[in-house]
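Each chain is listed here by its residues.
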Amino acid sequence: MEKQKIRWTQIELPSLHLLWKRDSGEEIVSSVIRSNYPKPSLTIIPAILEQTGLCEVDAVDMKIRDQDQITPYREFRYGEGTMIASRMGVPFEKLEKKLMNTDVLGLSINPTSWKNIAKDFMQYARSVNPNIKIVIGGNEATFKSEHYLKEGLADIAMLGEAEHSLPKLLESLDKGEDLGNVRGIAYTQNDEIVKTGMPEKPKMEDVPLQALDLLKDDIPLWTTPIEYFPLPEGVDTPIGFTFFTRGCYQNCDYCTSPRKMGKFRFNSLEKIAKELDHFKDHGINTLNIWDDSLTSVMYNGALGRTEGRKYLMDLAELLKEKGFAYEFSQGVVIKDLWDKEKNQPDFELINTLYSNKMENGKFVGCYGEYFPTEFLQVENPHDKCAKLEGFEIEKEILTAIVDAGTKLISYSSIMGSNSDTSENFSFATDRLKELTELVKSHGGLGLATPFIYSTFPGTRLWDKGEMDLAYSIEEFPELYQLNAAPQRTPNFEPDELFLERKKMEKELMTPTQYTKWNSTGRYHWPEGEVKWH
């Protein structure tokens, strides 16, 4: 008799919908709502599982369907008002039958603000299937695994990347072997937390092609760019999401990538070509390129400036040769686009990465970019973050990007550090306005998206302990995101910091944009003509 395979269901949780009902009567959606896209965990984890041959795998995206279902789960006071936290997406009860027929439930808990949604779903899963085994991954599992294991919410936490550790875990579960032999996990044994260390870092060649067959019913719903770019004529949906690299050399205080992902790695162009063909086989001709630091391939620890630069240009040409439209939704490190020897933008590199054309009625090339200015409240952004440049240089680089053909540009300033004052907010606002006018004057559309300076477990900022967290991460995880403020600073209470950012947005957006943003949590772009070709 053939041995029954492990029935594994990988779940993407419903979105967090956070509404601030102020005592004045004003209502503000205080979380960014991004629903119509696949998180990487839902496309890669099932692919890893399928490769083992030990599982019957299913994948369910609870945020992409039933978006009209907003289910409140808690309220708490915030300044002069009440925060109402809700789940947005498929109600738990719709998955009752599936959970009853699941042996292992996989959850990626990322971002931190979704922590209570994850907790409630795990408790619900155990209520309908007491024998279910729960395995968690993501930033929360890597940096806060003790919380989920001690409370009995999860059985096993995957630490870091799972390409090597997950198959070994499955083999141990299948054979009933000691979990202590599996490197890269945490679990409870005799009421003690056991951690087996961080896993071996996979080479990018070891990362399987995305499990698109499992998600074929969801693919038509992948319609929204991360920054809600108004897609130009000739750009088709669905939009695929991909990484060509992992890791980062920047080591920014507020980012978890250096610790979770570690050493920078990059895919070969041959492997990327196979991935692009895989997307096309599933009707995907538009890509969201989601790398944290794609240009790190030019650093000495990778290929170096000359060969890395060639790699990037060859990559862009490969994307165009395959007929893809694409966006850089995490941006490209600004300083890497500056030619220090010539003291000017690297025009050849920029023109290759950011150009586009119409080909048989199809848009081919780059249409959108998040330009990560990030610290415009100080005179020289480079002094605040090494990956940035002086503001005048940043403007030159941005001008080159828009002139190359990428006309949809978003940009930000991360506000709310201990040193920020009202004057810093005003200074950043003026600079963001300047960027909007610059993009417009070169035939594009710009959208300023100021963020809150946030801290998360796994970042250097968290380890430093310099922020006065008026709302603890254990009790109020919903506030730990880029649009709400859990911290007080020497100049602001948390709600004052929140409102100072809203004041920026009101100045930077049209009245219609601002109203729609506040009521939906989705970015709305200004109206205007874009001069594409």
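A brief report on the enclosed structure follows. Residue indices follow the written sequence of each chain, beginning from 1 at its first position. Local features are withheld for residues below a pLDDT of 70 in this predicted model, meaning they are given only at 70 or higher, and side-chain atom pairs are given and counted only at 80 or more; totals for whole chains, interfaces and linings count all residues. With hydrogens and water stripped out, all remaining heavy atoms of the structure feed into the side-chain values.

The helix and strand labels rest on DSSP assignments: H or I over at least four residues marks a helix, E over at least two residues marks a strand, and numbering proceeds from the N terminus. Helix and strand content of the protein chain: 16 helices and 25 strands. C-alpha atoms define the radius of gyration, and 2.2 Å times the number of residues to the power 0.38 defines the globule rule. Against the globule reference of 24 Å for 533 residues, the protein chain gives a C-alpha radius of gyration of 23 Å, in line with a compact fold. In terms of overall dimensions, the protein chain has a C-alpha envelope of 70 × 55 × 40 Å along the principal axes. Here's how the labels work: a residue is buried when its accessible area is under 20% of the maximum for its type, exposed when over 50%, partly exposed in between, all with a 1.4 Å probe on protein chains only. Taking all 533 residues of the protein chain together, the buried fraction comes to 61%. For the protein chain, restricting intrachain contacts to residue pairs at least 6 apart in sequence, the fraction spanning at least 24 positions comes to 73%. Counted as positive: Lys and Arg. Counted as negative: Asp and Glu, with His and the chain ends omitted from the count. A charge is said to be at NZ when it belongs to Lys, at CZ for Arg, at CG for Asp and at CD for Glu. Distance between charge centroids for the protein chain: 2 Å, based on 63 positive and 84 negative side chains. In what follows, a contact means two residues having at least one pair of non-hydrogen atoms within 4.5 Å.

Tracing the backbone through its elements, the reader meets G184 in the loop between α6 (165-175) and β10 (185-189). The spacing of G184 and T196 is twelve residues in sequence and 5.6 Å in space, taken between C-alpha atoms. The residues contacting G184, other than those within four sequence positions of it, are A157, M158, L159, S165, T196, G197, M198 and P199.

With that out of the way, let us pick up the sheet that holds strand β11 (residues 192-195). Strand pairing requires that DSSP identify at least two bridges connecting the strands. In space, the seven strands of this open sheet follow the order β4-β1-β7-β8-β9-β10-β11, with mixed pairing throughout. Here the strands that pair on one side only, and so sit at the sheet edges, are β4 (55-61) and β11. Here the strands of the sheet are splayed against their neighbours by 20° on average, with no regard to which way each runs. Where strand β1 (residues 6-12) lies against strand β7 (residues 104-108), four bridges are found, and the strand directions are parallel. In the sheet register, I11 faces β7, and the bridge partner there is L107. Axis lines are fitted to C-alpha atoms, over the contacting stretch for helices. Their N-to-C directions set the angle, which ranges from 0 to 180 degrees. Contacts from helix α3 (residues 115-128) reach β1, β7 and β8 (133-137), with the element oriented near 175° to β7.

The next thing to look at is the packing of aromatic side chains. Pairs of aromatic rings are described using the distance from one ring centre to the other and the angle between the two planes. Pairing of aromatic rings covers Phe, Tyr and the six-membered ring of Trp, with a centre-to-centre limit of 6.5 Å; geometry is then stacked below 30 degrees between planes, edge-to-face above 60, and tilted otherwise. According to the stated counting rule, one finds 24 aromatic pairs in the structure shown. Where Y78 meets Y471, the ring centres are 5.3 Å apart and the plane angle is 40°; that geometry is what we call tilted. Here Y471 lies in the loop between β24 (468-469) and β25 (487-488) and Y78 lies in the loop between β5 (70-77) and β6 (81-88), a separation of 393 residues in the sequence. Residue Y78 is classed as buried on the basis of its relative accessible area of 0%. Of the residues examined, Y471 reaches a relative accessible area of 14% and is grouped as buried. On the numbers, 6.1 Å between centres and 75° between planes, the contact of F375 with Y453 is edge-to-face. Highlighted residues: F375 in the loop between β20 (362-374) and α11 (381-384) and Y453 in the loop between β23 (451-452) and α14 (460-464), separated in sequence by 78 residues. Take Y453: its relative accessible area is 10%, and that puts it in the buried class. Three or more aromatic residues joined by ring pairs make a cluster, and in this case those are W20, F76, Y78, Y471, F476 and F498. Just above the ring of F324 sits the side chain of K280; from NZ or CZ to the centre is 5.0 Å. Lysine and arginine charges are scored as sitting over a ring when NZ or CZ, respectively, is within 6 Å of the ring centre and within 35 degrees of the ring normal. One Lys or Arg, R501, reaches over the ring of F498 and ends 5.6 Å from the middle of that ring.

This paragraph deals with the nonpolar core. What is meant by a nonpolar core is a set of buried Ala, Val, Leu, Ile, Met, Phe, Trp, Tyr and Cys residues, joined one to another through side-chain atoms within 4.5 Å. Ranked by internal contacts, the top residues of the largest apolar core, which has 144 residues, are F121, M122, I136, Y354 and L479. What F121 contacts, discounting residues up to four positions off in sequence, is I11, L13, M62, F92, L95, L99, L105 and L107. Among the nonpolar cores identified, the runner-up in size contains 22 residues, and I6, I48, V57 and L169 belong to it.

Next up on the list: the pairing of strand β15 (residues 286-289). Two faces belong to every sheet, and in a regular strand the side chains alternate between them. Alternating residues of β15 divide into T286 and N288 and L287 and I289, and every residue in both groups is buried. The pairing of strand β12 (residues 239-242) with β15 spans four bridges and is parallel. Across the sheet, the residue bridging to G240 is L287, located in β15. Taken together, the four bridges between β15 and strand β16 (residues 325-328) define a ladder with parallel strand orientation. Bridging across to β16, N288 finds its partner in E327. A clockwise path from the first strand over the helix to the second, with the strands pointing away from the viewer, defines a right-handed crossover. Following the backbone out of β15, through helix α9 (residues 304-321) and into the adjacent parallel β16, one traces a crossover that is right-handed.

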